[in-house]
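Close look at the chain arrangement
This is what each chain is made of:
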Amino acid sequence: MKAPFSRFKVFGNSMLPTLKPGQDVLVFNWAYIFSRPKKGDLVVVEHGGREIIKRVQISSGPASPRLRRASRGTFVIGDNKNCSTDSRNFGAIDKSKILGKVIFII
Amino acid sequence: MVINFISKLLPARPVYAHCDIPCGIYDPHMAQLAAKTVLTMVQKIKELDSSASPQNDNVNARNNFVRMVMVKEEHAELCKREVLILWTDYFKSEHLEKFPDLHDLIWQTAKLCSENKRGVDEGKAMELIKAVDEIAGIFEQTKK
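Computed from a predicted model, the values in this text were never measured in an experiment.

For the rest of this paragraph, the subject is the overall build of chain A. Helices and strands together make up the secondary structure of chain A, namely two helices and six strands. Reading the secondary structure of chain A in the N-to-C direction produces β-β-β-β-α-β-α-β. Among the 106 residues that make up chain A, the fraction classed as buried is 46%. A fraction of 52% describes how many contacts in chain A between residues 6 or more apart in sequence connect residues 24 or more apart. Per element, the accessible surface of chain A, about 5,200 Å² overall, is 55% carbon and sulfur.

Set out below in structure tokens:
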């Protein structure tokens, strides 16, 4: 079983203004063992062979039919919507790909 | 306090708040410029056509004609490419919800690019400029 906490350093601008490049976050890796991600959670996700940080927009299927068609999992999005590659591009992600929830911005 | 202490003990790994494409590189200006160039070339080709006479039907005149057609061809293609880049890489589903005719507009614009390659028609060149301006207008609204 993995350790309960991980610390990450943010690279990139897609989570501005919430997270600036160079900021550290503390992640609780056990957050979703018994529960589902909730709208608004900041999560670390494994995608394309690396770890990315995004915000959960919806985890039970988006409201829009167009988005719902592409989504069977958790829809994550960057806070800086004009500068973010996220579920709008690569679709919803499986819960197993969510590594943990940000619980503290250092 | 405890969280702060735990944080300091842990090594920091990189996590990417990523964007595949750097911000701000999308711009409809290139497509607008290309569409205007198409119109200018159409007008210049028409001018050549109306001034055709045995005197100006020499190698230089033919060279000019070929160059104008070539520039029209290249810029119609460039316009199509720029519009399609905006469509595939910039516009997202949330934009489509706000502008439901976007797919059709892009499709019609790409077709206009092809029509401008095939023919020498001032009307079609103006239609292309109008369509690209409309896309640029949508682009600007998505930036607000």
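Time to look at the interface of chain B and chain A. Contacts between the two partners involve 25 residues from chain B, matched on the other side by 32 residues from chain A. Of the roughly 2,700 Å² buried between chain B and chain A on both sides combined, carbon and sulfur atoms contribute 58%. For the pair chain B and chain A, the interface holds two salt bridges. For the side of chain B that touches chain A, the secondary-structure elements that each account for two or more residues are helix 1 (2–9), strand 1 (12–16), helix 4 (93–98) and helix 6 (122–143) of chain B. Split into classes, the residues belonging to the side of chain B that touches chain A amount to 13 nonpolar, five polar and seven charged. Pairing analysis gives five bridges linking strand 1 (residues 5–11) of chain A to strand 1 of chain B, with the strands arranged parallel. Following the sheet pairing, F8 of chain A is matched in strand 1 of chain B by R13 of chain B.

The next subject is the nonpolar core. The biggest cluster of nonpolar side chains holds 28 residues, and the ones touching the most others in it are C79, F91 and L128 of chain B. Among the secondary structure elements, those contributing two or more residues to this core are helix 2 (29–50), helix 3 (59–90), helix 5 (102–118) and helix 6 of chain B. At eight residues, the largest contribution of residues to this core is made by helix 6 of chain B. Not counting the four nearest positions on each side in its chain, F91 of chain B is found in contact with L86, L102, I106, I135, I138, F139 and T142 of chain B. Core analysis: the second largest hydrophobic core is formed by 13 residues, V10, L19 and L99 of chain A together with V15 of chain B among them.

All names here are of chain B. With respect to the element layout, A31 can be found in helix 2. With relative accessibility at 1%, the residue A31 sits in the buried group. Once the C-alpha coordinates of A31 and K80 are considered, the two residues, 49 residues apart in sequence, prove to be 7.5 Å apart.

Another point: the pattern of salt bridges. Residues and elements named next belong to chain A. Summed over the entire model, instances satisfying the criterion amount to eleven salt bridges over all chains. Notably, a salt bridge pairs K101 with D41, separated by 3.8 Å at the nearest N-O pair. Residue K101 is located in strand 6 (residues 98–105), and its partner D41 is located in the loop between strand 2 (24–28) and strand 3 (42–47); the two are separated by 60 residues in the primary sequence. The buried category is assigned to D41, whose relative accessible area is 9%. Through salt bridges that share partners, R7, K9 and D24 make up one connected network.

All names here are of chain A. The tally for this structure, following the rule as stated, stands at six aromatic pairs over all chains. When the ring of F5 is compared with that of F28, the centres are 5.4 Å apart and the planes differ by 35°; the resulting orientation is tilted. Of this pair, F5 sits in strand 1 while F28 sits in strand 2, and the two are 23 residues apart along the sequence. Overall, F28 belongs to the partly exposed group, its relative accessible area being 25%.

Below, the discussion takes up the confidence of the model for chain A. Averaged over every residue, the pLDDT of chain A is 85; residues scoring 70 or more account for 87%. Counting contacts from residues 66–71 of chain A, a segment whose pLDDT is below 50, to residues more than four positions away or on other chains yields 14 contacts.

So, how was this worked out
Residues numbered from 1 in each chain as written. Chains lettered and ligands numbered in written order. Predicted model: local features only at pLDDT ≥ 70, side-chain atom pairs only at ≥ 80, totals over all residues. Heavy atoms only, no water. Helix = DSSP H or I, 4+ residues; strand = E, 2+ residues; numbered from the N terminus. Buried < 20%, exposed > 50% of the residue type's maximum accessible area, 1.4 Å probe, protein only. Contact = heavy atoms within 4.5 Å. Areas by Shrake-Rupley, 256 points an atom, 1.4 Å probe, with all protein chains shown as cover. Buried area = accessible area lost by both parts, 1.4 Å probe. Salt bridge = Lys/Arg side-chain N within 4 Å of Asp/Glu carboxyl O. Nonpolar A, V, L, I, M, F, W, Y, C, P; charged D, E, K, R; others polar. Pairing = 2+ DSSP bridges. Core = buried A, V, L, I, M, F, W, Y, C linked by side-chain atoms within 4.5 Å. Phe/Tyr/Trp six-rings, centres within 6.5 Å; stacked < 30°, edge-to-face > 60°. pLDDT = per-residue confidence, 0-100.

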